[in-house]
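Given next are the chains, with one letter for each unit.
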Amino acid sequence: MTETTVGITKDLAVRAVGVGKIFPTKGGEVIALDGADLDVAAGEFVSLIGPSGCGKSTLLRLIADLDQASSGTLEIFGKPARRARVDQDYGIAFQQSGLLPWRTVAANISLPLELHGTSRSERTARVAELAELVGLSDFIDRYPDQLSGGMQQRVAIARALATRPRLLLMDEPFGALDEMTREYLQTELTRITAETGAAVVFVTHSIPEAVFLSDRVVVMSPRPGRITDVITTGLGAERDESLRESPAYFERVTAVREALHGAPIERANER
Amino acid sequence: MTAPRVPVGERTLPSWLRFVAPVVVGILMLALWILYVDVFAAAPRMLPSPTAIGAELVLRWDIIFEDMLVTATNALIGLVVGSLLAIVLAGLAATARPIDGMLTPLVAALAVVPIVAITPILNTMFGASSQFGRIAVATIAAFIPVFVNVLRGLRQTRPVHRDVLRASAATSAQTFRLLTLPTALPYLMTGLRIAASLAVIAALVAEYFGGPADGIGTAIATYAKSGRAALAWAYVVGGILIGLVFFLVTSLLERLVTRHSSV
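Residues numbered from 1 in each chain as written. Chains lettered and ligands numbered in written order. Predicted model: local features only at pLDDT ≥ 70, side-chain atom pairs only at ≥ 80, totals over all residues.

Okay, the overall build of chain A next. For chain A, the helix and strand inventory stands at 11 helices and 10 strands. In terms of overall dimensions, chain A is globule-like: its C-alpha atoms have a radius of gyration of 19 Å, near the 18 Å expected for 271 residues. When the backbone C-alpha atoms are referred to their principal axes, chain A occupies close to 55 × 45 × 40 Å. Within chain A, the fraction of its 271 residues that count as buried is 45%. (Helix = DSSP H or I, 4+ residues; strand = E, 2+ residues; numbered from the N terminus. Rg over C-alpha atoms; globule rule 2.2 N^0.38 Å. Buried ≥ 20, exposed ≤ 12 C-beta atoms within 10 Å, placed from the backbone.)

Let us look at the packing of helix α5 (residues 119-126) of chain B against helix α6 (residues 132-153) of chain B. Residues and elements named next belong to chain B. At a closest axis distance of 8 Å, the pairing of α5 and α6 adopts a crossing angle of 140 degrees. Put simply, α5 runs oblique to α6. Between α5 and α6 the crossing geometry is right-handed. Of α6, the residues touching α5 (which contributes Thr 119, Leu 122, Asn 123 and Phe 126) are Phe 132, Gly 133, Ala 136 and Val 137. Partitioned by chemical class, the residues of the contact of α5 with α6 number 5 nonpolar, 3 polar and no charged. (Axes fitted to C-alpha atoms, helices over the stretch in contact; angles between N-to-C directions. Parallel < 35°, antiparallel > 145°, perpendicular 65-115°, else oblique. Left-handed = near helix turned anticlockwise from the far one by under 90°. Contact = placed C-beta atoms within 7 Å. Nonpolar A, V, L, I, M, F, W, Y, C, P; charged D, E, K, R; others polar.)

The next subject is the interface of chain A and chain B. Residue-level contacts link 25 residues of chain A with 17 residues of chain B. Those elements that provide at least two residues to the side of chain A that touches chain B are α3 (81-86), α5 (111-115) and α7 (149-160) of chain A. Residue contributions to the side of chain A that touches chain B peak at 3 residues, all from α5(A). Across the side of chain A that touches chain B, the residue classes tally to 16 nonpolar, 7 polar and 2 charged.

If you look at the biggest cluster of nonpolar residues, it comprises 84 residues, and the most contacted ones within it are A:Ile49, A:Ile63, A:Leu169, A:Val201 and A:Val256. Sort the elements by how many residues they give to this core and α7(A) lands first, with 6 residues. Residues from two domains meet in this core; each of domain 1 (3-89 + 165-270) and domain 2 (100-164) of chain A gives at least three. Ignoring sequence-local partners within four residues, the contact set of A:Val201 consists of A:Val14, A:Val40, A:Val46, A:Leu48, A:Leu60, A:Ile63 and A:Leu169. One finds B:Ile64, B:Ile115, B:Tyr187 and B:Ala195 within the second-largest nonpolar core, a separate group that totals 57 residues. (Core = buried A, V, L, I, M, F, W, Y, C linked by C-beta atoms within 7 Å. Domains from an automatic or database assignment.)

So, on to the domain arrangement of chain A. Residues and elements named next belong to chain A. According to the domain assignment, chain A contains domain 1 (3-89 + 165-270) and domain 2 (100-164). Put simply, the middle of domain 1 and the middle of domain 2, counted by C-alpha atoms, are 25 Å apart. Taken together, the contact pairs 12 residues of domain 1 with 12 residues of domain 2. Split into classes, the residues belonging to the side of domain 1 that touches domain 2 amount to 8 nonpolar, 3 polar and 1 charged.

This paragraph deals with the sheet that holds strand β1 (residues 12-25) of chain A. Residues and elements named next belong to chain A. Across the sheet, which stays open at both edges, the 4 strands sit in the order β2-β1-β4-β5 with antiparallel pairing between neighbours. Looking at the sheet topology across the chains shown, the edges are occupied by β2 (28-41) and β5 (79-80). As paired strands, β1 and β2 are joined by 10 bridges and run antiparallel to one another. Across the sheet, Ile 22 pairs through a bridge with Ile 31, a residue of β2. The strands touched by helix α2 (residues 56-63) within the sheet are β1, β2 and β4 (71-76), with β1 carrying the most contacts at an inclination of about 115 degrees. (Pairing = 2+ DSSP bridges.)

The subject of this paragraph is the sheet that holds strand β6 (residues 90-93) of chain A. Residues and elements named next belong to chain A. An order of β6-β7-β8-β3-β9-β10 is seen for the 6 strands of this open sheet, with the pairing classed as mixed. Two strands bound the open sheet, and with one partner strand each, they are β6 and β10 (226-232). Here the average twist between neighbouring strands, direction ignored, is 15 degrees. Where strand β3 (residues 45-49) meets strand β9 (residues 216-221), 4 bridges bridge the pair, whose relative direction is parallel. From the neighbouring strand, Ile 49 faces β9, where its bridge partner is Val 219.

A separate point is the confidence of the model for chain B. Averaged over every residue, the pLDDT of chain B is 88; residues scoring 70 or more account for 94%. Overall fold confidence (pTM) sits at 0.78, and the ipTM for the predicted complex is 0.86. (pLDDT = per-residue confidence, 0-100.)

With that settled, the discussion passes to unusual backbone geometry. Residue and element names in this part refer to chain A. In this structure, Pro 224 follows Arg 223 across a cis peptide bond, with omega equal to -10 degrees. Along the chain, the position of Pro 224 falls in the loop between β9 and β10. The backbone phi angle of Phe 77 is positive, close to 50 degrees, even though this residue is not glycine. Residue placement: Phe 77 occurs in the loop between β4 and β5. One non-glycine residue, Glu 172, lies in positive phi territory at about 45 degrees. Note on placement: Glu 172 falls in the loop between β7 (167-171) and α8 (179-196). Classification of Glu 172 as partly exposed rests on a count of 19 C-beta atoms within 10 Å.

We now examine the environment of A:Asp215. Residues and elements named next belong to chain A. Its place among the elements puts Asp 215 in the loop between α9 (207-213) and β9. For Asp 215 and Thr 228, which are 13 residues apart along the polypeptide, the C-alpha to C-alpha distance reads 17 Å. When neighbours within four sequence positions are excluded, Asp 215 is seen to be in contact with Glu 44, Phe 45, Val 46, Thr 232 and Thr 233.

Turning our attention to the pairing of β6(A). All names here are of chain A. Side chains Tyr 90 and Ile 92 of β6 all project onto a buried face; the interleaved residues Gly 91 and Ala 93 project onto the opposite face, where all are buried too. Alignment of β6 against β7, held across 4 bridges, turns out to be parallel. Residue pairing for β7: Tyr 90 is matched across the bridge by Leu 167.

Rendered as structure tokens:
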């Protein structure tokens, strides 16, 4: 990698070129992801959508350096994924909140700070700030099992934001929640990302969710997992409840649905 | 926002009844016992009336308590040493596969040895005036459940928790301290609770096979042989008290540690 290329890619939160992932299994190799090209600009909200097995979670895990790519190059803010992980350039949230049950909300949020030797007073201040951001200031002394599922997810998002990352990775964070909580947290998330200015890579099963949240929706198809289409929503920065009923929004939902179903036909019939 | 959690089993009885019912049954059994022994005088000689046992317990409390201390100390040393040994070895087995391969079959083999049965050998090895044989038996008895449970507990970390720590760039030492150990803690406590009862039983029964002339087990054997049934039973009550204290303390610890269920 030459110096000039690094300079060019620095404005990009994520740059994936021909990224592939092969899992060896007993029945032979499974191609989970094949030749994925994706650029995510700083501050951009990008959703990955597709049926099970399309490699959307795999791609997210490769970006997070939780798994290693089998082929291609992957850069996070112009650095290799591993370097970006060690430097805490991203924060991550999963479908399960992954909160430590023996820690209070405050202690869970401050976990990443604790790992990197932030002083106690700084941690307390940052936790208060984050709890405010996700609307849980009154609950920081509770334990995770005393919170509802939606509140647990909000704590997980606060934890992901603890080190002020410029990139937020989310793997179906609202997938296990009921529809009402889900819509509420989507609105909350657009507000939070607007306040923090972080880029987001968001994995989801839900077409409306992807359209409502994203600047761009990346449509993927399975066997082998690959990117088949990228749809720019062009819905602007303002994302509120009225957007959910606007014609532009419905039009984009339809566009994503057609892009999804236009992918391998037999897959659409199966579902 | 959280729904109150009511375990299904607790709906069947009101709380006062759950407390009162066993007490009533206990009193009823005592009454039957008194009826059988004192009123009908039908019991064998070695089954005295509960009032006689109670009287002996109060009258001889000083010497009973002294013997209780001896047995309890043996059990406690065995529990502590056995548990520490088990924690260290389980830690090694959890980190290194080869050590696991070496240790686990050995522990399985140790678990099926009737530990108390080797006491006479240990007593002869270390001399009749030494408590060492008894302590050793309690140690081995406590070691096994703690080792098995801790080793299990060290392997219970959830994938999502491991991902969170890896994504936060935690070192392996940090992951061990902040995730692996706290995850294993409830398992350690369960192991300790089981080990506590076993250590008391082992320390007490070991006394039946010789060694110094003190301890609850020695006294029970002596007074049973010489026909002082009420005193022998009073010592049995002493043994029950030791077991109860060990059980209650470890149960309390377990409760404290497992207050917050996983989410």
